[in-house]
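# Overview (structure and organization)
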Amino acid sequence: MSDTTSLRPSSDVAFSPAVKNVQARRGSRQAYAKKEEKGGFRTRVTPDLAEFLALATSFYLATASADGQPYVQHRGGPPGFLVIIDERTLAFADFRGNRQYITTGNLSENPRAQIFVMDYGSRHRVKIWGRARVVEDDAGLIARLFPAGYDARVEQALVFEIDAWDSNCQQHIPQMFKAEDVAGTIQQFQARVRELDTENAALKARIKALETITPSGGM
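Residues numbered from 1 in each chain as written. Predicted model: local features only at pLDDT ≥ 70, side-chain atom pairs only at ≥ 80, totals over all residues. Heavy atoms only, no water.

## Overview of the overall build of the protein chain
When you go through the protein chain residue by residue, the secondary structure sums to six helices and seven strands. In the protein chain, the succession of α and β elements from N to C terminus is α-α-α-β-β-β-β-α-β-β-α-β-α. The C-alpha radius of gyration computed for the protein chain amounts to 27 Å, which surpasses the reference 17 Å derived for 219 residues by more than 25%, pointing to a less compact arrangement than a globule. A principal-axis box enclosing the C-alpha atoms of the protein chain has dimensions of 100 × 50 × 30 Å. Out of the 219 residues belonging to the protein chain, those deemed buried represent 30%. Within the protein chain, contacts between residues at least 6 apart in sequence are counted, and of these 70% link residues at least 24 apart. (Helix = DSSP H or I, 4+ residues; strand = E, 2+ residues; numbered from the N terminus. Rg over C-alpha atoms; globule rule 2.2 N^0.38 Å. Buried < 20%, exposed > 50% of the residue type's maximum accessible area, 1.4 Å probe, protein only. Contact = heavy atoms within 4.5 Å.)

## Brief notes about the environment of Thr103
With respect to the helices, strands and loops of the structure, Thr103 is situated in helix α4 (residues 102-109). Taking relative accessible area as the criterion, Thr103 reaches 4% and is therefore assigned buried. In sequence terms Thr103 and Ser65 are 38 residues apart; their C-alpha atoms lie 8.7 Å from each other. Those residues in contact with Thr103 that lie beyond four places of it in its chain are Leu61, Thr63, Tyr71, Gln73 and Leu158.

## Some details on the pattern of salt bridges
Two side chains carrying opposite charge are able to pair once their charged atoms lie near each other. Per the counting criterion, the structure on display carries nine salt bridges. Where Arg8 meets Asp12, a salt bridge forms, and the shortest distance between an N and an O atom there is 3.4 Å. Each of Arg8, Asp12 and Lys20 takes part in a single network of salt bridges with overlapping partners. (Salt bridge = Lys/Arg side-chain N within 4 Å of Asp/Glu carboxyl O.)

## What about the packing of helix α1 (residues 17-26) against helix α2 (residues 29-37)?
A packed helix pair is summarised by two numbers, namely the angle formed by the two axes and the spacing between the axes. Look at α1 against α2: their axes get within 8 Å of each other, and the N-to-C directions meet at 130 degrees. The angle between α1 and α2 places the two elements in the oblique class. Packed against α1, whose contacting residues are Lys20, Gln23 and Ala24, the element α2 presents Arg29, Tyr32 and Glu36 at the interface. Split by residue class, the contact of α1 with α2 holds two nonpolar, one polar and three charged. (Axes fitted to C-alpha atoms, helices over the stretch in contact; angles between N-to-C directions. Parallel < 35°, antiparallel > 145°, perpendicular 65-115°, else oblique. Nonpolar A, V, L, I, M, F, W, Y, C, P; charged D, E, K, R; others polar.)

## Things to note about the packing of aromatic side chains
The full count for this structure, using the stated rule, is seven aromatic pairs. Note on Phe95 and Phe146: the rings are 6.3 Å apart at their centroids and 90 degrees apart in plane angle, and the pair reads as edge-to-face. Here the residue Phe95 occupies a position in strand β4 (residues 89-95), and Phe146 occupies one in the loop between α5 (139-145) and β7 (154-167), the gap between them amounting to 51 residues. Phe146 sits in the partly exposed class, given a relative accessible area of 28%. (Phe/Tyr/Trp six-rings, centres within 6.5 Å; stacked < 30°, edge-to-face > 60°.)

## Structural notes on the sheet that holds strand β1 (residues 58-64)
On the basis of which strands lie adjacent, the open sheet formed by seven strands has the order β2-β1-β5-β6-β7-β4-β3 and antiparallel pairing. Bordering the open sheet on either side are β2 (70-76) and β3 (83-86), each of which pairs with just one other strand. With direction set aside, neighbouring strand axes in the sheet form an average angle of 35 degrees. Sheet analysis places β3 next to β4, joined by three bridges and oriented antiparallel. Residue pairing across strands places Val83 opposite Ala91, the latter belonging to β4. Each of β3, β4, β5 (112-119), β6 (124-135) and β7 touches helix α3 (residues 47-55); the most contacted strand, β6, lies at about 75 degrees to it. (Pairing = 2+ DSSP bridges.)

So, in structure tokens, the structure goes:
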């Protein structure tokens, strides 16, 4: 049974009539129609999604102005900075940036938004549609969302109500790893090379010592 609460499939948040027309023309409509019969996209945070979001250190937030001008903004922080409030709500502390306030302005007149989370290491991406709002006057919420020990200045909080979410296949996603993870692996290899160099030097010294005490010729 689907977790959607609407008579319309939750995937309609992305599949407008124009999109469905293109799908029909290009041969994918039938497959998506079968998913729509089951409710469409998922609408609540599942354990798998919760685990994925808990590890995220980066995501993109898409908004649009009232007249439809789109804008995508990057948001980053330590693992867990994108907080799950409940199964239909996410939130995060909004750190001070270049102070253009495009996202804040857009949300003041158009709450529709999307969160796009990409994990390049595992080549996994998740799209979350919903409605976002800015919270400026809730010190308790902002304190709850601020990552302990993180070097940043918080201006406000953003609360995101989930309408639907979906994940994509790995196709065409370049695999990339975090610099700190690669650095740790390199350090391990370097430590092992030093161990092998030490063992090699010791073996060479033993061989040289044996050559010194062993006659090189026969009787």
